[in-house]
Structures are given as structure tokens and as C-alpha cells.
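Take a look at the letters that make up each chain.
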Amino acid sequence: STTGSNRIMNVQPILAADREGPVAVGHNGNFTNTRALHEMLIQKGAIFQTTVDSELVIHLLATSQKPTFEERLSEALTQIEGAYCLVMLTKDSIIGARDPYGFRPLCLGKTETGWVIASETCALDIIGAEYVREVEPGEIVIIDKNGPRSIKPHPAQEPHFCIFEYIYFSRPDSFIFGECVDTIRRSIGRQLAVEHPVKADIVISVPDSSNSAALGYSAVSGFPFEIGLIRN
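For the structure given in this document, a descriptive report is provided here. Along each chain, residue indices are assigned from 1 in the same order as the chain's sequence is written. Only residues with pLDDT of 70 or above have their local features reported here, since the model is predicted, and side-chain atom pairs are shown and tallied only from 80 upward, although totals for entire chains, interfaces and linings are computed over all residues. Hydrogens are left out, water is left out, and the side-chain values use all remaining heavy atoms of the structure.

A few words now on the overall build of the protein. The helix and strand tally for the protein stands at seven helices and 11 strands. Dimensions of the protein, computed from C-alpha atoms along their principal axes, come out at roughly 65 × 40 × 35 Å. When accessible area is computed with a 1.4 Å probe and restricted to protein chains, residues below 20% of their type maximum are described as buried, those above 50% as exposed, and intermediate ones as partly exposed. Residues counted as buried form 41% of the 232 residues belonging to the protein. Pairs of residues are marked as contacts when any of their non-hydrogen atoms sit within 4.5 Å. Across the protein, every contact between residues at least 6 apart in sequence was considered, and the portion connecting residues at least 24 apart equals 52%. With the model as given, the accessible surface of the protein reaches about 12,900 Å², and the carbon-plus-sulfur share is 56%. As used throughout, the charge tally considers Lys and Arg to be positive and Asp and Glu to be negative, leaving His and the chain termini uncounted. Taken as the charge centre is NZ of Lys, CZ of Arg, CG of Asp or CD of Glu, depending on the residue. In the protein, which carries 20 positive and 28 negative side-chain charges, the distance between the mean positions of the two groups comes to 3 Å. By the criteria applied, helices consist of DSSP H or I runs no shorter than four residues and strands consist of E runs no shorter than two, each listed in order from the N terminus. What sets the accessible areas is the Shrake-Rupley method with a 1.4 Å probe; for residues, cover comes only from the shown protein chains.

Shown next, in the form of C-alpha cells:
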């Protein structure tokens, strides 16, 4: 779960029956106005089946009076505050959406037979998909039988990328926010050696996300990189 307890009812994707058919929602991030939206929807008669903030998307869609799914989704996402990327599946489309600040990464890829939306580019590599581009901050990409189209319901904002994607979350072979994660981590390690030199014999990492940073630290400090910890 993104928020709430790790109980079976909170497992994603969240499935529901919309007025236009079935819909599934997968969510990476956290909403910051969850309590206010939850109370508002409860007053409108919403009955929640989970304790995760992700379910708010379903209820905001259901209570919107806009005529089309696209308009209802746009209205729903403009009411949500916080860091999020969404991937949705309807009966005839795949949808990806990114918050207007772009806190979390999301990318668009293509195979010979279809389209892919994923948080990290390494997911595209695994299935042999071609990287097309990042989903832009505040953008909603809708993919149907005619291919992808884009809408931007949010006012433009200055991007604010989550630094922990580079430091910890992402795989080193992914390209996040336009940069290779391994390259960034090695740069961080080199800079750490410049700003905080120490007397030592070896450099070790706390695997696996810090392997690249440790290599960067080793390169500048001159201390050899060694394996000191192994994940159990």
C-alpha cells in the first residue's frame, strides 16, 4: 500500500466498476490532502473499501458530473495534491498520469505490438520495449486503439523531482528525470569524497543502491572498493 496498513484489501491495483465499465488503478506516491478529500467524499455518500489514499481516485471519478471519462479524470486529478504517478486500465484504454510537480518518474515505451507505461526505463529493457519519452509533469497520457494522446489539465508548475529516486529507489540501469541513475550515484560518491574525506583502508557499500556511489567514492579517495556486506 502507499498509505494505510499492509492488509490484503489494500493490494493494488484497485478494481472498481465505473459508469463506463471496469477500471483498475495502480498508484506510486502519496496524496497530501487525503483527509480533506476523504471527509468530503464521505459526506457525499462514498463507501470506502480500503484504507489507502489511492482509492480516492475511484471515488472522485464516480462523483464527477463531467460527461466523459477523460474530463472526469482530469477533474479528479486536479483535486489531488501531493506526489503521485498513476497507471489505469479501462475496458479500451491504458492511462498514465503524473503529478504537476513531477515528483515521481513515469515513462512511455513501445513494442512491436503495443505501448507500455512504467515508472522506470529498466522495465522497458526487460520486455524489449523501446523508450519513447518521459510522461511530463502534470500530463495525462491516454492510449487506445488509435495510439497515445496527451492532455494537461494542471497549471504549469516548476518541477520538483524526488532526490531519493537517484539515491535509493531506482535501479542503477534506469534513466530517471533524463539522467542515468548509475551515473548520478557515482557522481554523488565522488562529491562525497571531496566534501568529506576520511582516513580509511577500504570503501564498502550498503547494497544494493549504494554500490555505484561507493565506486565513485573509491575512485576519488583512492581507497579500494571491497565487498563488506551481503544482503541476506
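More follows now that the structure is in view.
The subject of this paragraph is the nonpolar core. Counting 27 residues, the largest nonpolar core has Leu-73, Leu-77, Ile-80, Met-88 and Ile-140 as the members making the most contacts within it. Mapped onto this core, the elements with two or more residues apiece are β2 (21-31), α1 (34-43), α2 (55-63), α3 (69-78), β3 (82-90), β4 (94-98) and β8 (140-144). Looking at this core element by element, the count peaks at five residues for α2. Aside from chain neighbours lying at most four places away, what touches Ile-80 is Phe-31, Asn-33, Leu-37, Val-57 and Leu-60. Counting seven residues, the second largest nonpolar core, distinct from the first, contains Cys-85, Leu-106, Val-135 and Val-141. Buried Ala, Val, Leu, Ile, Met, Phe, Trp, Tyr and Cys residues form a nonpolar core when they are joined through side-chain atoms within 4.5 Å.

On to the sheet that holds strand β1 (residues 14-18), then. Here six strands make up an open sheet; going across it, the order is β1-β2-β3-β4-β8-β9 and the pairing antiparallel. In the strand order of this sheet, the two ends are held by β1 and β9 (147-151), each with one partner. Taking each pair of neighbouring strands and ignoring which way they run, the sheet shows an average axis angle of 20 degrees. Each pair of strands is called paired provided DSSP finds at least two bridges between the two strands. Two elements, β4 and β8, share four bridges in a ladder whose sense is antiparallel. In the strand pairing of β8, Gly-96 is matched with Val-141. Axis definition: a line fitted to C-alpha atoms, limited for helices to the stretch in contact. Angles are taken between N-to-C directions and run from 0 to 180 degrees.

Among the five residues of β8, four are classified as buried, and the element is accordingly described as predominantly covered. Bridge count for β8 against β9 is five bridges, and the pairing is antiparallel. What sits directly across from Ile-142, in β9, is Arg-149.

Turning our attention to helix α6 (residues 181-195). Here the expected span of a helix is defined as 1.5 Å times the quantity of residues minus one. In this model α6 runs 21 Å from its N-terminal to its C-terminal C-alpha over 15 residues, within 8% of the 21 Å that 1.5 Å per residue would give. Inspection of α6 places Val-181, Arg-185, Gly-189 and Ala-193 among the buried residues, and these make up the whole buried set. Across the axial projection of α6, the buried residues extend over an arc of 115 degrees, all falling on one side. Away from its buried face, by an angle of more than 90 degrees, α6 presents the exposed residues Val-194 and Glu-195. Elements that come into contact with the buried residues of α6 comprise α5 (163-169), β10 (175-176), β11 (179-180) and α7 (211-221). The directions from the helix axis to the C-beta atoms form the arc being described.

Further remarks concern the packing of α1 against α2. One can describe the packing of α1 onto α2 by two numbers: an axis separation of 11 Å at closest approach and a directional angle of 40 degrees. When the interaxial angle is binned, α1 and α2 end up oblique. Note on packing geometry: the crossing formed by α1 with α2 is left-handed. Contact with α1, carried on its side by Thr-34, Leu-37, His-38, Met-40 and Leu-41, involves Leu-56, His-59, Leu-60 and Thr-63 of α2 and no other residues of that element. When residue character is reported, Ala, Val, Leu, Ile, Met, Phe, Trp, Tyr, Cys and Pro are called nonpolar, Asp, Glu, Lys and Arg charged, and the others, Gly included, polar. Tallied by class, residues from the contact of α1 with α2 come to five nonpolar, four polar and no charged. Between 65 and 115 degrees an angle is taken as roughly perpendicular, under 35 as roughly parallel, over 145 as roughly antiparallel, and anywhere else as oblique. Left-handed describes a crossing whose near helix is turned anticlockwise from the far helix by less than a right angle; the clockwise case is right-handed.

Turning our attention to the pattern of salt bridges. We define a salt bridge as a contact between a side-chain nitrogen of Lys or Arg and a carboxyl oxygen of Asp or Glu at a distance within 4 Å. Going through the model one piece at a time under the given rule, you end up with 11 salt bridges. Arg-186 is the partner of Asp-182 in a salt bridge, and the nearest nitrogen-oxygen pair spans 3.0 Å. Pair noted here: Asp-182 and Arg-186 are both in helix α6, with a separation of four residues, about one helical turn. Note that Arg-231 is salt-bridged to Asp-208, the shortest N-O span being 2.5 Å. Taken as a pair, Arg-231 in the segment after α7 and Asp-208 in the loop between α6 and α7 lie far apart in primary sequence, 23 residues in all. If you follow the salt bridges from partner to partner, you end up with Asp-18, Glu-20 and Arg-72 in one network.

These figures capture arrangement, not role.
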